[in-house]
Structure formats: structure tokens, C-alpha cells
Amino acid sequence: MKYTLPLAAVAAALSLAACQNEPEVVNALPPDPLASQLANAAPVELPPAMKGSVSFRCQPGNSLVFVDFFAGDKLANLRTEKGGTPTVLTAPEAGQPLTAEGGYSLTGDMKNIKVTIPGKGDLSCHV
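All figures in this text were calculated on a predicted structure; none of them were measured in a lab.

J.: Looking at this structure, how should I read the pattern of salt bridges?
T.: If the charged atoms of two oppositely charged side chains come close together, the side chains can form a pair. By the definition in use, this model includes two salt bridges. Among the salt bridges present, the one from Lys 51 reaches Asp 73, with a minimum N-O distance of 2.6 Å. In this pair, Lys 51 is assigned in strand E1 (residues 50-59) and Asp 73 in the loop between strand E2 (63-70) and strand E3 (75-79), connecting sequence segments 22 residues apart. Judged by its relative accessible area of 44%, Lys 51 is partly exposed. Overall, Asp 73 belongs to the partly exposed group, its relative accessible area being 40%. One salt bridge in this structure joins Asp 68 and Arg 79, with 2.6 Å as the shortest N-O distance. Residue Asp 68 is located in strand E2, and its partner Arg 79 is located in strand E3; the two are separated by 11 residues in the primary sequence.

J.: Explain the nonpolar core here, please?
T.: Ranked by internal contacts, the top residues of the largest apolar core, which has 18 residues, are Phe 56, Val 65, Val 67, Leu 106, Ile 113, Val 115 and Cys 125. Elements with a minimum of two residues in this core: E1, E2, E3, strand E5 (98-100), strand E7 (112-117) and strand E8 (121-126). Discounting chain neighbours no more than four positions away, the residues touching Ile 113 are Phe 56, Val 65, Val 67, Phe 69, Leu 106, Thr 107, Gly 108, Leu 123, Ser 124 and Cys 125.

J.: I tried to follow the side chain of Asn 77 on my own but got confused; where do I start?
T.: When you line up the elements, Asn 77 lands in strand E3. Relative accessible area serves as the criterion here: at 13%, Asn 77 is assigned to the buried category. Not counting chain neighbours up to four residues away, the residues in contact with Asn 77 comprise Phe 66, Val 67, Asp 68, Phe 70, Pro 86, Thr 87 and Val 88.

J.: Help me understand the packing of aromatic side chains in this model?
T.: Aromatic ring pairs are reported here in terms of the distance separating the ring centres and the angle at which the planes meet. The final tally for this structure, using the stated rule, is one aromatic pair. A centroid spacing of 6.3 Å and a plane angle of 75° characterise the contact between Phe 56 and Phe 69, whose relative ring orientation is edge-to-face. Remark: Phe 69 occurs in strand E2 and Phe 56 occurs in strand E1; sequence separation between them is 13 residues. Accessibility classification places Phe 56 together with Phe 69 in one group, the buried group.

J.: What am I meant to see in the layout of surface pockets here?
T.: Over the atoms rolls a probe the size of a water molecule, and its path tells where empty space is left. There is about 190 Å³ of room inside the largest pocket. Phe 69, Asp 73, Leu 98, Gly 108 and Asp 109 are, among the 13 residues lining the largest pocket, the residues nearest its centre. The element that contributes the greatest number of residues to the lining of the largest pocket is strand E6 (residues 104-108), accounting for three residues.

Criteria and thresholds
Residues numbered from 1 in each chain as written. Predicted model: local features only at pLDDT ≥ 70, side-chain atom pairs only at ≥ 80, totals over all residues. Heavy atoms only, no water. Salt bridge = Lys/Arg side-chain N within 4 Å of Asp/Glu carboxyl O. Helix = DSSP H or I, 4+ residues; strand = E, 2+ residues; numbered from the N terminus. Buried < 20%, exposed > 50% of the residue type's maximum accessible area, 1.4 Å probe, protein only. Core = buried A, V, L, I, M, F, W, Y, C linked by side-chain atoms within 4.5 Å. Contact = heavy atoms within 4.5 Å. Phe/Tyr/Trp six-rings, centres within 6.5 Å; stacked < 30°, edge-to-face > 60°. 1 Å grid on protein atoms, 1.4 Å probe; cavity = no way out; pocket = protein on both sides within 12 Å on 5 of 7 lines; lining within 4 Å. Points joined across faces, edges and corners; volume = space filled by probe spheres on them.

Right, here's the structure in full:
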């Protein structure tokens, strides 16, 4: 009797150790039909964050342009009027001129730019 209780405890522990103690996963949702396509899809590139929005005074003509610069230096929005419709300028590589259809072109940084705008020509602009 002295050894019966410890032997019973050991036997119970061994029987419990043989069980798989992993929780049962219950999923009431049907399988995703696009799961394999999503797993094999190419990675998505997020749009760049905005670095800053700058208004420039341009010569000749003493006109204003408004430019939103984005991180990566491959994207900018150009406006010829405050609150106007932006023209999206893009470049294939950072450091190359930003361009858009219709003859738009922009080079420079957030302090000085050279911009070509159809109907206004080449402008030299500064903050």
C-alpha cells in the first residue's frame, strides 16, 4: 500500500504525457479561394511618403508654383495655382528630371527648382 499510491501517480502522469496537449483549432470560415494566388503574388510597393509641400516664386514673370515632394525623389505633384489640380511628375530613377505628359519637366530640390510648364516656358524658381 505504501508504494501503490506513488505508482498510481506515475502511471497517471505517463498516460497523460502520451496525449497530445495541443489545442484544437476550430475555423468556421470557408477556405479562401484566392489564398494560393495571394501567396504567389508579387510584393506590392507602397506609395512614397510626402517629404514636404513648397511654394516657389518663379522668374521670368514673377509667378508662383506649388510642388509636393515625395520620399525617394522619383515623384512630385506640381500645381500652378494654390489648391489647383496637381500634375503628377515622375522619374525612372532618383536624380533624373521629373516629367509628365504634355511637356512638363522639373529638376532641383526643396529650395530651388527649374521647371518647364507648357504655355509658360522654362522657369527658374526659389523659395
